[in-house]
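Listed below are the residues making up each chain.
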Amino acid sequence: GWVSVSGAVCASTLAKNGVSVTLFDSARGPGGRMEISEDGKELLFDHGAPFFSASDDDVLKIVGEWEAKGIVAEWKQSFGAFDFASKGFLNIEQEQASKRYVGVPGMNSICRALSNETGVESKFGVGVGRIEWVDDEKSWSLTSSDGQQLGHFRGVVASDKNIVSRRYTEVTGSPPPLDLSFAPQLVAKLQDIPVIPSFAVMLAFAEPLSSIPVKGISFRNSEILSWAYCDSDKPSRSSTSERWVLHSTAKYAATVIAETGLKKLSSETLTKVAEQVLSEFQSTGLEIPPPFFMKAHRWGSAFPGASIAAEERCLWFGEKKVAICGDFCVSPNVEGAILSGLAAAAKLSASLSLVHSL
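Okay, so let's go over this structure. Every value quoted in this text rests on a predicted model; they were computed, and no experiment measured them.

If you tally the helices and strands in the protein chain, you get eight helices and 19 strands. For 358 residues, the compact-globule estimate of 2.2 N^0.38 gives 21 Å, and the protein chain sits close to it at 21 Å. Its C-alpha atoms put the protein chain at 70 × 45 × 40 Å along the principal axes. Here the protein chain holds 358 residues, and the buried ones make up 51% of them. Summarising the internal contacts of the protein chain: among those between residues at least 6 apart in sequence, 69% fall at separations of at least 24. For the protein chain, the distance from the average site of its 34 positive side-chain charges to the average site of its 41 negative ones is 2 Å.

Shown next as structure tokens:
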């Protein structure tokens, strides 16, 4: 999801304000991008959020800086809505309501650039297993999932809601890394945030799908398909093949998850999902040949179904300098993630500068 954007925005903002930051991420690199090799061809997909828009002034200012640095670009293409009831397009945009931005060359370029900024030390491939408050030092001690000491820190920002949730235990069998029992009001807000499950199905075609008049489609009256977009059409993407990403409806994903549970899905289940979603795409009547590559990915909890801190934009416990930020605090999109990261950085900066001035 856009968790990593929120944390990366927070880290780079703190670093700009002179606070030295260490960023830990269990992933091998900044997320949201899938790189697949098929018959010697390298296929790249943004299988998370396909693009983002912005309306808030603070966010537009940051996006302007990113655009100047060449880490985002505007995706100028028209989208349309396709109705399964009438088997036709209801409308095709004449012009975009608001600009659509994409990371360049991939959506993860944003996180990669932010996590490489001066003052941010990034440690990828390091999962945090325990975050413990050391009372006599008034600092946080971090231990990795495999028991290594990661150091002591004056404040902590978590941009993953699962760091404190029961879901973490369901998936890993270990207690959540951060015990927030000292702040029951935060725990109450973070428990059981509704999540919207979805499947992303990545397809690669040898030839362009010339029968489709748009590069992004929202579907009406389909139980299975919610969105489709042409990933290879975005700025600075390789055009050796035509690549589309289809997103399933939440209802369809929930049905599959009800049968399989939250455990890792078998390749048979994922293949069946990919086939069903592709078959729905083909049943539009648009000419869609067989793809030479097809893969489904489950987003179990990437898309939050609630905003838990719409006013404050992040959760903050001042005594121990702990902030929790992410799109789930504000709105389930990139703009929400950026706003939440900025809010967490502001809280932490203010409390740290207070310490210096005392």
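Moving on from the coordinates now.
Time to look at the packing of helix α6 (residues 250-260) against helix α7 (residues 267-282). Viewed as axis vectors pointing N to C, α6 and α7 meet at an angle of 160 degrees, and their least axial separation amounts to 12 Å. For the element pair α6 / α7, the angle class is roughly antiparallel. For the pair α6 and α7, the crossing hand works out as right-handed. For the pair α6 and α7, contact is made by Y252, V256, E259 and T260 and by T269, K272, V273, Q276 and V277, respectively. Of the residues that constitute the contact of α6 with α7, the class distribution is four nonpolar, three polar and two charged.

On to α6. Regarding α6, the residues found buried are Y252, A253, V256, I257 and T260. Projected down its long axis, α6 shows its buried positions confined to an angular sector of 130 degrees, all on one face. Exposed residues on α6 whose side chains face more than 90 degrees from its buried face are K251, A258 and E259. After α6 finishes, the residue G261 shows a positive phi value of roughly 80 degrees.

In this section: the packing of aromatic side chains. Under the defined criterion, the tally for this structure stands at 18 aromatic pairs. A ring pair is formed by F79 and W227, whose centres lie 6.2 Å apart and whose planes are at 75 degrees; its orientation type is edge-to-face. With F79 in strand β5 (residues 79-83) and W227 in strand β15 (residues 225-230), this pair connects stretches of sequence that are 148 residues apart. Relative accessible area serves as the criterion here: at 6%, F79 is assigned to the buried category. A relative accessible area of 31% places W227 in the partly exposed class. Note on W244 and F281: the rings are 5.9 Å apart at their centroids and 45 degrees apart in plane angle, and the pair reads as tilted. Of the two residues, W244 is situated in strand β16 (residues 242-248) and F281 in helix α7; the sequence distance between them amounts to 37 residues. Put simply, the rings of F82, F84, F89, F219, W244 and F281 touch in pairs and so form one group of aromatic residues. Sitting over the ring of W75, K234 keeps its end group 5.6 Å from the ring centre.

Let's shift gears to unusual backbone geometry. That bond from V104 to P105 is cis: its omega, 0 degrees, falls within 30 degrees of zero. On the secondary structure map, P105 appears in the loop between β7 (101-103) and α3 (109-115). We note that N221 has phi near 60 degrees; this positive angle belongs to a residue other than glycine. At S236, a position not held by glycine, the phi torsion is positive, near 60 degrees.

What follows deals with the sheet that holds strand β10 (residues 139-144). The strand order β9-β10-β11 describes an open sheet built from three strands, whose pairing is antiparallel. Whereas interior strands pair on both sides, the edge strands pair on one side only; in this sheet they are β9 (128-134) and β11 (149-153). Direction aside, neighbouring strands of the sheet carry axes that sit 20 degrees apart on average. Looking at chain direction, β9 and β10 are connected through six bridges and run antiparallel. Bridge assignment links W133 to a residue of β10, and that residue is W140.

Criteria and thresholds
- Residues numbered from 1 in each chain as written.
- Predicted model: local features only at pLDDT ≥ 70, side-chain atom pairs only at ≥ 80, totals over all residues.
- Heavy atoms only, no water.
- Helix = DSSP H or I, 4+ residues; strand = E, 2+ residues; numbered from the N terminus.
- Rg over C-alpha atoms; globule rule 2.2 N^0.38 Å.
- Buried < 20%, exposed > 50% of the residue type's maximum accessible area, 1.4 Å probe, protein only.
- Contact = heavy atoms within 4.5 Å.
- Lys, Arg positive; Asp, Glu negative; His and termini not counted.
- Charge placed at Lys NZ, Arg CZ, Asp CG, Glu CD.
- Axes fitted to C-alpha atoms, helices over the stretch in contact; angles between N-to-C directions.
- Parallel < 35°, antiparallel > 145°, perpendicular 65-115°, else oblique.
- Left-handed = near helix turned anticlockwise from the far one by under 90°.
- Nonpolar A, V, L, I, M, F, W, Y, C, P; charged D, E, K, R; others polar.
- Arc of directions from axis to C-beta.
- Phe/Tyr/Trp six-rings, centres within 6.5 Å; stacked < 30°, edge-to-face > 60°.
- Lys NZ or Arg CZ within 6 Å of the ring centre and 35° of its normal.
- Pairing = 2+ DSSP bridges.

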